[in-house]
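Listed below, chain by chain, are the residues.
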Amino acid sequence: MMKTRTADGGVLPSIDCIGDIHGELPALEATLAELGYEKAKDWKHPEGRRLLFLGDLVDRGAHSLEVSELVMRLTGEGRAACIMGNHEYNLVAWDMRLPGYEKPKHSNARTVEDVEARRGRWNPVLGFFRALPLSYAFEGLRVIHACWHRESLEAAAALRASAESMAHVLAVPEWGRAHLALTSPFTETGLKTGLPPKPAPKEDAAHEVLIKGYEVPADRPFQDSDGKVRTMARATWWLQDAARTLVLQDDAVEVVGHYWNLPPVVEQFCPPFPSGHPDLRSWQKRLASSVPSRGRVHTDAKTVCVDYNGLTLVSDGIACVGAYRWPEREVVWATAARTRTVLDD
Ligand SMILES: [Mn+2]
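Residues numbered from 1 in each chain as written. Predicted model: local features only at pLDDT ≥ 70, side-chain atom pairs only at ≥ 80, totals over all residues. Heavy atoms only, no water.

In this structure, Asp-56 (OD), Asn-86 (OD1), His-145 (NE2) and His-258 (ND1) serve as the protein donors to the manganese ion, at separations of 2.1 to 2.3 Å. The motif formed by the donor residues of the manganese ion, counted along the single chain, is D-x29-N-x58-H-x112-H. Residue Asp-56 is located in the loop between strand E2 (50–53) and helix H2 (64–76), and its partner His-258 is located in the loop between strand E10 (253–256) and helix H11 (280–288); the two are separated by 202 residues in the primary sequence. For the residue pair Asp-56 and His-258, the accessibility class agrees, reading buried in each case. (Donors = N, O, S within 2.8 Å, 3.2 Å for Na, K, Ca; no water. Helix = DSSP H or I, 4+ residues; strand = E, 2+ residues; numbered from the N terminus. Buried < 20%, exposed > 50% of the residue type's maximum accessible area, 1.4 Å probe, protein only.)

Next comes the structure, spelled out in structure tokens:
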């Protein structure tokens, strides 16, 4: 097995990148078990593998707090790392009452209720979320919640942390060797001042684009999941002209979440439509029944989306969590009973 070198010449540990969990603890546990982590041994892996969570731990499922506490604890123990998803971002922004985020969103209203009911347990979690970095880039492997958008990365370039500050962020010697990290928007002055000044800003701040994706004019006006007519759609950046919008100067594998993908069917490792696109739901429904309840598939794909909420959203009572194994270049997924019967998009 080829080993990956780190910035200082060390060897990157084997990593399992975990896609969007959205409060579905049983599906997360099923996937961890499928990856060889042992619940009876407090989720240790016999080969000492590390977990890298891609964000969106919270909202929708019934166990946002429990999932977050597990990830926070494993991260604190040096067995995992985590980057920020847009759902963590929204929750922290609401908790800080930042302009435009004073009220809960449709997507996090139930989580906000839970925060208010269980403040004592949520406060450390919110502190953990607030410090989450936006991305990590190792030799040959890069992770971010949504996309490496060229203009947004350039706008945030001043905030790129050095390998030294990575070591500080992760506080674990063998992990502290990434080439690059974008640090938390809530702890970096430059990004904080870039936060949108008004509700529903037309132009998102750079760091929001990196964790939410960017939008392009839609083929035709469409109704989103709230019934609102939209003329802009999230871009399927992995299908489009990379030179125009993306930073793809090397051959690193890019692993993302966020895009409501399905586990690989017909060798497809990113969805053909962006989340919010009117044809995405019918694509998910058409193929969901052909997805095995668990599986593993090798891929040499350069961009891999392991957000398998596309299956969760359309299947009857099933939740799915996906993973990308490095350096094996394998996607792995497992399913479990969904913890809520009614789902909000
Ligand atoms: Mn997301």
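From this point, the narrative continues.
Within the element layout of this structure, Ser-68 appears in helix H2. Taking the relative accessible area as the measure of exposure, Ser-68 reaches 0% and is therefore buried. Among the polar contacts made by the side chain of Ser-68, one reaches the main-chain carbonyl oxygen of Ser-64 at a distance of 2.7 Å. What Ser-68 contacts, discounting residues up to four positions off in sequence, is Leu-57, Val-58, Val-125 and Phe-129. (Polar contact = N/O pair within 3.5 Å; in protein donor to acceptor, adjacent residues only side chain to side chain. Contact = heavy atoms within 4.5 Å.)

Applying the stated criterion across every chain yields a total of 7 aromatic pairs. Arranged with centres 5.9 Å apart and planes meeting at 80 degrees, the rings of Tyr-89 and Tyr-101 form a pair that is edge-to-face. Placement of the pair is Tyr-89 in helix H3 (residues 86–95) and Tyr-101 in the loop between H3 and helix H4 (109–117), with a sequence separation of 12 residues. Overall, Tyr-89 belongs to the buried group, its relative accessible area being 1%. Where Phe-128 meets Phe-129, the ring centres are 6.1 Å apart and the plane angle is 45 degrees; that geometry is what we call tilted. Of the two residues, Phe-128 and Phe-129, neither departs from the other in class, the shared state being buried. For Arg-142, the ring lying beneath its charged end belongs to Trp-148, and the centroid distance is 4.9 Å. (Phe/Tyr/Trp six-rings, centres within 6.5 Å; stacked < 30°, edge-to-face > 60°. Lys NZ or Arg CZ within 6 Å of the ring centre and 35° of its normal.)

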